[in-house]
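Residue-level structural notes
As a plain string of letters, each chain reads:
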Amino acid sequence: MTLAAPHVDTGDTAWLLAATALVLLMTPGLALFYGGMVRTKSVLNMLMMSFVSIALVTVVWLAAGYSLAFGDDSFGGLIGGLGHAGMSGLGPDSVHGSVPTLLFATFQLTFAVVTAALISGAVADRTRFAAWLVFVPVWTLLVYVPVTHWVWGPGGWIMERLGALDFAGGLPVEITSGASGLALCLVLGPRLGFKRDAMRPHNLPMVMLGAGLLWFGWFGFNAGSALGANGLAAAAFLNTLAAGCTGLLGWLFVEQRRDGHPTTLGAASGAVAGLVAITPSCGTVSVLGALAVGLAAGVVCSYAVSWKFRLNYDDSLDVVGVHLVGGVIGTLLIGLFAEKAMTGGPQGLFYGGGLAPFGKQLLAVVVVAGYAFAVTYGLGKLIDRVLGFRASEEQEHTGLDLTVHAETAYDHGVLGHGAPVSASVLSSGQKVSNQA
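Residues numbered from 1 in each chain as written. Predicted model: local features only at pLDDT ≥ 70, side-chain atom pairs only at ≥ 80, totals over all residues. Heavy atoms only, no water.

An unreviewed UniProt entry lists the protein chain under the name Ammonium transporter, with Streptomyces dangxiongensis given as the organism. UniProt, in the comment section headed Sequence similarities (unreviewed entry), describes the protein chain in these words: "Belongs to the ammonia transporter channel (TC 1.A.11.2) family." (UniProt positions renumbered as here; feature names shortened; annotations may be inferred.)

Given below as structure tokens:
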């Protein structure tokens, strides 16, 4: 009996094309989200750190990242091979499941891009741009690619051997970015004026717009991970919406009770926290489970963002408090809320599965977080010693927009209208036009 050759399903392919575009949009959305949260003097630098990640990660992914992450296992579930380096052997007729392999590779590429960009929020306002250009591609190969192989690659030890579950990226995306952000916080040290000066977001409408784009893109992130236009994609889509809503409400509830004021920043952060937590579990829990996961993340993450002041690590834009903590919550709660109707087999503690599923999820979290933290800390220290990872005190004080990029985000009507130009602008080498 001859097995039928794999074929492309046009419906699945159309959906994954759209989902890929949605996930790519998340990185510009993240740029706006982060850009609105920093002070005016470093807005453009924040945007650039996200946008340049698209280019850097794409080159690395096509050269070796995809092959190492999704190529045939080479070292006992730890890493793939280089059989598809440079995307060799993959053409228009190559098929992964029911979609073109090149499309699957591009979809996974967008995950890698946004993961690297997420880390920038932890070290906003004080990172040398040149060091970031080195860090992103090396980090992608040393941290993101191996963890992705562990979780989703053929023969990867976390999903295929341990049996832990992660539908859309709690381990390779949320926990690696959060743990890596914490490591870089410790390498670079706190911003000038940390715990002393007010460092409020400069543009909350921009933050809300960025959060909205992230939420929109997240439907591609989670529902697209079904790799088909099917019922599982629909369930993941609905779970994503539900968790984002309860995350938002949970964060606002804490703010109202603790501070007496529900804030726009809290609404945006709560929605993102819920979306982070549902990422690993959107394809394993029911709608009721998704509501619970989102609520837990909104409440816990709203407290977690303040830990940096007690523990003295300067996580500028709360990557640790939202992505690491939210990712841990969502990954662990699979061990409680997973349902057979969603997973096709494994069930969580609340549905008769016992404690074993929770133990598997916990082991995966500890190993991935520890690996990402250790490798990132070592890489950060190496780059700091060779290139210098932190901007100078003068650059940080003046602002990275002007001192690094020779631009400013906002023209307040001073330049180009005959008004005097400050010495700091002239000394930066910025070209000043006399035209209105």
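Having seen the structure, we can now continue with the description.
**Examining the side chain of Glu 396**
Summarising the element assignment, Glu 396 is placed in helix α15 (residues 393-398). Non-local contacts of Glu 396, meaning those with residues more than four positions away in its chain, are made with Lys 41, Asp 125, Arg 126, Arg 191, Leu 192 and Arg 390. (Helix = DSSP H or I, 4+ residues; strand = E, 2+ residues; numbered from the N terminus. Contact = heavy atoms within 4.5 Å.)

**Quick notes on the UniProt feature "domain: Ammonium transporter AmtB-like" (unreviewed entry) in the protein chain**
The sites that UniProt annotates as "domain: Ammonium transporter AmtB-like" (unreviewed entry) are residues 14-410. Along residues 14-410, the helical share is 70% and the strand share 1%, with 40 Å between the first and last C-alpha atoms.

**Side note on the packing of helix α12 (residues 319-337) against helix α14 (residues 356-386)**
Orientation of α12 relative to α14, taken along the N-to-C sense of each, is 160°, at an axis distance of 7 Å. As far as their axial angle goes, α14 and α12 are roughly antiparallel. In the crossing of α12 with α14, the sense of the turn from one axis to the other is right-handed. Within the contact between the two elements, α12 uses Val 328, Thr 331, Leu 332, Ile 334, Gly 335 and Leu 336 and α14 uses Pro 357, Phe 358, Gln 361, Leu 362 and Val 365. The residue inventory of the contact of α12 with α14, partitioned by class, reads eight nonpolar, three polar and no charged. (Axes fitted to C-alpha atoms, helices over the stretch in contact; angles between N-to-C directions. Parallel < 35°, antiparallel > 145°, perpendicular 65-115°, else oblique. Left-handed = near helix turned anticlockwise from the far one by under 90°. Nonpolar A, V, L, I, M, F, W, Y, C, P; charged D, E, K, R; others polar.)

**Things to note about the layout of surface pockets**
Taken as a whole, the largest pocket holds about 750 Å³ of empty space. Lining the largest pocket are 29 residues; nearest its centre among them are Pro 201, Leu 265, Lys 308, Phe 309 and Asp 318. Only α8 (231-259), α9 (264-281) and α11 (307-311) provide two or more residues apiece to the lining of the largest pocket. Tallying contributions element by element places α8 first for the lining of the largest pocket, with four residues. Taken as a whole, the second largest pocket spans an internal volume of roughly 460 Å³. Around the second largest pocket, the lining is made up of 28 residues, and of these Phe 70, His 96, Phe 104, Trp 152 and Gly 153 lie nearest the centre. Of all the secondary-structure elements, those providing two or more residues to the lining of the second largest pocket are α2 (43-70), α3 (101-119), α4 (129-152) and α5 (157-162). With five residues, α3 is the largest single contributor of residues to the lining of the second largest pocket. (1 Å grid on protein atoms, 1.4 Å probe; cavity = no way out; pocket = protein on both sides within 12 Å on 5 of 7 lines; lining within 4 Å. Points joined across faces, edges and corners; volume = space filled by probe spheres on them.)

**So, the nonpolar core**
With 118 residues, the main nonpolar core has Phe 33, Trp 61, Phe 135, Ile 158 and Phe 221 as its most contacted residues. Those residues in contact with Phe 33 that sit more than four places away from it in its chain are Met 206, Val 207, Gly 210, Ala 211, Leu 214, Ala 268 and Val 272. (Core = buried A, V, L, I, M, F, W, Y, C linked by side-chain atoms within 4.5 Å. Buried < 20%, exposed > 50% of the residue type's maximum accessible area, 1.4 Å probe, protein only.)

**What about the side chain of Asn 203?**
On the secondary structure map, Asn 203 appears in the loop between α6 (170-188) and α7 (204-223). Relative accessible area serves as the criterion here: at 19%, Asn 203 is assigned to the buried category. Here the side chain of Asn 203 touches Tyr 410 through a polar contact of 3.4 Å, side chain to side chain. Leave out the neighbours within four places in its chain, and Asn 203 touches Gly 36 and Tyr 410. (Polar contact = N/O pair within 3.5 Å; in protein donor to acceptor, adjacent residues only side chain to side chain.)

**Some thoughts on the packing of aromatic side chains**
The geometry of two aromatic rings is summed up by the distance between their centres and the angle between their planes. The full count for this structure, using the stated rule, is 20 aromatic pairs. A network of ring pairs unites the aromatic residues Trp 61, Tyr 66, Phe 70, Phe 104 and Tyr 144 as a single cluster. Looking at Arg 258, its charged tip hangs above the ring of Tyr 303, at a distance of 5.5 Å from the centre. (Phe/Tyr/Trp six-rings, centres within 6.5 Å; stacked < 30°, edge-to-face > 60°. Lys NZ or Arg CZ within 6 Å of the ring centre and 35° of its normal.)

**Structural notes on unusual backbone geometry**
The backbone of Met 87 sits at a positive phi, close to 60°, despite the residue not being glycine. Met 87 sits in the buried class, given a relative accessible area of 14%.

**What to know about the environment of Ser 88**
The topology assignment puts Ser 88 in the loop between α2 and β1 (95-96). Within the structure, the side chain of Ser 88 is placed 3.2 Å from the backbone oxygen of Ala 85, a separation counted as a polar contact.

**A closer look at the pattern of salt bridges**
Following the criterion strictly, the structure yields nine salt bridges and no others. One salt bridge in this structure joins Asp 125 and Arg 191, with 3.5 Å as the shortest N-O distance. Of the two residues, Asp 125 is situated in the loop between α3 and α4 and Arg 191 in the loop between α6 and α7; the sequence distance between them amounts to 66 residues. Residues Asp 125 and Arg 191 agree in their burial class; the two are buried. With a closest N to O distance of 2.9 Å, Lys 308 and Asp 318 form a salt bridge. Residue Lys 308 is located in helix α11, and its partner Asp 318 is located in the loop between α11 and α12; the two are separated by ten residues in the primary sequence. The buried category is assigned to Lys 308, whose relative accessible area is 6%. The exposure class assigned to Asp 318 is buried, which follows from its relative accessible area of 17%. (Salt bridge = Lys/Arg side-chain N within 4 Å of Asp/Glu carboxyl O.)

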